[in-house]
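Residues per chain are reported as follows:
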Amino acid sequence: MSPGTGEYSREVTAPLTMFGPDFPFAYDDWLGHPAGLGRLPAERRGTRVAVVGGGVAGLVAAYELMRLGLRPVLYEAGELGGRMRAVPFPADPAVTAEMGAMRFPLAATALFHYVNALGLETSPFPNPLSAHTPSTLVDLNGERRVARTVEDLPPVYREVSDAWEKTLLEQAELAVMEDSVRRRNAPLLKAVWNRMVRTLDDQSFYGFLAASPYFRSFRHREIFGQVGFGTGGWDTDFPNSILEVLRVVFTGADQDQVRLVGGTGRFVDGLWTRPAGPGGHWPAATSLATLHDGRPRPGVSALRRIGDGVEVTDQDGASERFPAVVFTPHVWTLLGRVECDPALLSPRQWTAVERTHYMGASKLFVLTDRPFWLDRDPRTGHDAMSMTLTDRSPRGVYLFDEGPDRPGVICLSYTWNDDSLKFATLSDEERLEVLLFRMAEIYPGVDLRRHIIGAPITVTWETEPLFMGAFKANLPGQYRYQRRLFTQFVQDGLPAGRRGFFLAGDDVSWTAGFAEGAVTTALNAVWGVVHHLGGASDPANPGPGDVFEEIAPVLLPEE
C-alpha cells in the first residue's frame, strides 16, 4: 500500500509511533524508501530556494532540498538550532544545558531517521517515576513522598493514575486508537479521530477531566494536574484543547523518551555538515555548510511577492528573488519581526496566524561539582536529592549525571505559562536565589549552594524576541485555524501568483512542542517545493501531497 494509507502488515505488538491521527502519513517510510523523496526536471537542478530559519525544520528542509539537487539558501537571525539550543557552561564548556528541546520520544520515527543517520547516541531521559530515574520526590501541599514507581506512592496517587486510564479508555477510545496507530490502519484511525474532533474541539483539557465520572473529586484533578503520569504535571495544559493532549497520548509521545548524549548541538551540527552523498546534482561532499561558506545568511527583514516569486530581504539589506520560499520560524514573527506582503497568505490563513496561541516556558540550569544527589542520606535511606515534582515555584527539577567523576547538571526549575511568568522579571541571580530558598524547604538537609559551580544559565521563551513563546498549543475551538496552517503546503488550487511560499515548523504541525512536528512539516514543505517547481515523487513512494485527499485532516463546518 502507499505510505500513510490502508492496512499495514505490522504486528499488533508494533510500537506506538507519531503516526497521525490528523494526517496519518508514514513519513518514516517515505524517508526510508530507496526511490527517495522525488525528482526534479533537469533544468531545475541548482535552482535557488530560500529557507528562512535554521532550527530543526529549516535544517531538515534545507538538507533534503539540497539532496534533491536544489540550492537552498538558509537565513538565520540567531543561532542554528532554534529551540534546539544547547548552551555550554562557562566553568566546563564540555557540559551543556538544554534550553529548549531536551527529551525525545522514540515514537518520533521521522526525527530518529536523522538521529540514526547521524550516528547519534541516546540515553533514557530521567522523567518522573521512570524506570531509569533513581528516585522521584513528590512535594505537594507541604507533604513529601519519595518513590521509584507509582506503587510506592500513597493510594490516592494510584487512584488518580487509574482514573486517567479509565477516562481515556471510556471517554476517548484509547484501545481502538492505540491499536490503529500500532497497525497504521489509517481508515480506522481517521474514522474514530474525525468523530472525536467533531465532538471535542470545543472542550478544554480541564473540562474533559471534570466531565469524567472518575475525576469528580477536585483533589484527584489537583493531583493529576500537579503530578501527572509520564513526563510530569499536566495542569499548565488544562486551558488547552483536549485534542492537543489526546494526540500526545495516542501516539506514545509522552513515553519512552531519550536525550541526545553530548547535547542536541550534535544533531544541529550534524545536519549542517552532513554531506549530500553520491548520486545527486551536487558533489558527494557538498553540505549545507559548504554551500554557505560556513555560515547562513543573516535573518530576514522583509518578504514580498514579486510576480510569481518571493523577494527575500535580509537584515544586511541584501535582496534576492526566489521561485520558492520555506518559512520555518514561529508564525508570530510574520506579524512584527518581518515586514510581510499580505499576499503571502490568504486572509483566512492570516487570521489563523493571528490566533496562534503559544505556551510560555522557563528553565534554569546549574552545574555542580559532581552528582551529589546520589549520595545516600543516612537518616532516611533515600538519595540526597531526587527528580522532583512540586507545587512550589521550581515545579520540575531534573538531574543529569555522566558518572561520579564528572560534573553534574541540574535543571533546577522547568516551568510553564503562569509559573514561567513569575520568573520573567527576575535576573538570573534573583531566580537562582528564589529557587535555592524553595529547594531548602523541600530538602532542608541539603546544602545545594556549596555544590554549584559558576553562574546559572536561564531562558524564558516568551521573552525571547525571535520566538515569543516555547511552542504553539491550541485553545478550545482552534482546530480550524490549525488546519488552515497545516494544509497550506498543498497549493494546487491557488492562482499562480499565490503559490511558492510554504510554512513549516512545529507550530504549523499537529504536534507542536515536539521536534517530530518540525521534521514532518519540513518534509511537507519539501514536497510542496518539488511539486511547485515541476517535479514529482516516485510513483512507488508517493509523498504527503500525493495522498493528501485520501487522508486530509477533517474539515469542520464554519457556518
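The rules behind each value
Residues numbered from 1 in each chain as written. Predicted model: local features only at pLDDT ≥ 70, side-chain atom pairs only at ≥ 80, totals over all residues. Heavy atoms only, no water. Helix = DSSP H or I, 4+ residues; strand = E, 2+ residues; numbered from the N terminus. Rg over C-alpha atoms; globule rule 2.2 N^0.38 Å. Contact = heavy atoms within 4.5 Å. Areas by Shrake-Rupley, 256 points an atom, 1.4 Å probe, with all protein chains shown as cover. Buried < 20%, exposed > 50% of the residue type's maximum accessible area, 1.4 Å probe, protein only. Lys, Arg positive; Asp, Glu negative; His and termini not counted. Salt bridge = Lys/Arg side-chain N within 4 Å of Asp/Glu carboxyl O. Polar contact = N/O pair within 3.5 Å; in protein donor to acceptor, adjacent residues only side chain to side chain. Pairing = 2+ DSSP bridges. Axes fitted to C-alpha atoms, helices over the stretch in contact; angles between N-to-C directions. Parallel < 35°, antiparallel > 145°, perpendicular 65-115°, else oblique. Left-handed = near helix turned anticlockwise from the far one by under 90°. Core = buried A, V, L, I, M, F, W, Y, C linked by side-chain atoms within 4.5 Å.

Peer 1: What exactly am I supposed to notice about the overall build of the chain here?
Peer 2: The helix and strand inventory of the chain stands at 17 helices and 22 strands. Taking 559 residues into account, the globule formula puts the C-alpha radius of gyration at 24 Å, and the chain, at 24 Å, falls close to it. With the principal axes as the frame, the chain shows a C-alpha extent of 75 × 50 × 40 Å. Contacts in the chain between residues far apart in sequence, at least 24 positions, make up 71% of those at least 6 positions apart. As displayed, the chain has an accessible area near 21,900 Å², and 50% of this comes from carbon and sulfur atoms.

Peer 1: I tried to follow the side chain of Glu-98 on my own but got confused; where do I start?
Peer 2: Locating Glu-98 in the fold gives a position in strand S4 (residues 92–98). Buried charge without a salt bridge: Glu-98, with Lys-363 as the nearest opposite-charge side chain at an N-O distance of 7.0 Å. Here the side chain of Glu-98 touches Thr-264 through a polar contact of 2.7 Å, side chain to side chain. Residues within four places of Glu-98 in sequence aside, it is in contact with Arg-85, Ala-86, Gly-263, Thr-264, Lys-363 and Phe-365.

Peer 1: Before we go on, may I ask you to explain the sheet that holds strand S11 (residues 309–314) in this structure?
Peer 2: Whenever strands of a sheet pair, they do so through backbone hydrogen bonds, lying parallel or antiparallel. Read across the sheet, four strands follow the order S12-S11-S10-S14 without closing on themselves; strand pairing throughout is mixed. The strands lining the two open edges of the sheet, one partner per strand, are strand S12 (319–322) and strand S14 (339–340). Taken together, the four bridges between S11 and S12 define a ladder with antiparallel strand orientation. Looking across to S12, one finds that Thr-313 is bridged to Ser-319.

Peer 1: Would you explain unusual backbone geometry in this entry?
Peer 2: Note: most residues except glycine have negative phi, and most peptide bonds are trans. Between Gly-20 and Pro-21 the backbone carries a cis peptide bond, its omega angle lying at 5°. One non-glycine residue, Asp-256, lies in positive phi territory at about 45°. The residue Asp-256 is located in the loop between helix H9 (242–250) and strand S9 (257–260) in this model. On the basis of relative accessibility, which here comes to 58%, the residue Asp-256 falls in the exposed class. The backbone of Arg-395 shows a phi angle near 65°, a positive value even though the residue is not glycine.

Peer 1: Looking at this model, I keep getting lost on the packing of helix H5 (residues 174–183) against helix H6 (residues 186–200). Mind explaining?
Peer 2: The packing of two helices is summarised by the inter-axis angle and the distance between the axes. Following both chains from N to C, one finds H5 and H6 inclined at 140°, their axes separated by 9 Å at the closest point. Between H5 and H6, the crossing angle belongs to the class labelled oblique. Pair H5 / H6 crosses with left-handed handedness. Residues Val-176, Met-177, Ser-180 and Val-181 of H5 form the contact with H6, whose own contacting residues are Leu-188, Leu-189, Val-192, Trp-193 and Met-196.

Peer 1: Explain the nonpolar core to me, please; I cannot follow it from the model alone.
Peer 2: The tendency in soluble globular proteins is for nonpolar side chains to be buried side by side. One finds Trp-164 and Phe-267 to be the most contacted residues of the largest nonpolar core, which totals 138 residues. A per-element tally of this core places helix H16 (residues 515–532) first, with ten residues. Setting aside chain neighbours within four positions, we find Trp-164 in contact with Phe-205, Phe-208, Leu-209, Phe-215, Phe-224, Val-245 and Val-249. If you look at the next biggest cluster of nonpolar residues, it comprises 24 residues, including Val-52, Val-73, Tyr-75 and Leu-334.

Peer 1: How should the pattern of salt bridges be read in this particular structure?
Peer 2: Once their charged atoms are close, side chains differing in charge can pair, the charge on each being opposite to the other. All chains considered together, the criterion is met by 32 salt bridges. For the salt bridge of Glu-402 with Arg-259, the shortest nitrogen-to-oxygen distance reads 3.3 Å. Here Arg-259 lies in strand S9 and Glu-402 lies in the loop between strand S18 (396–401) and strand S19 (408–416), a separation of 143 residues in the sequence. In this structure Arg-259 comes out as buried when scored by relative accessible area, which is 16%. Linking Arg-395 and Asp-419 is a salt bridge whose minimum nitrogen-to-oxygen distance equals 2.6 Å. Remark: Asp-419 occurs in helix H13 (residues 417–424) and Arg-395 occurs in the loop between strand S17 (387–390) and S18; sequence separation between them is 24 residues.

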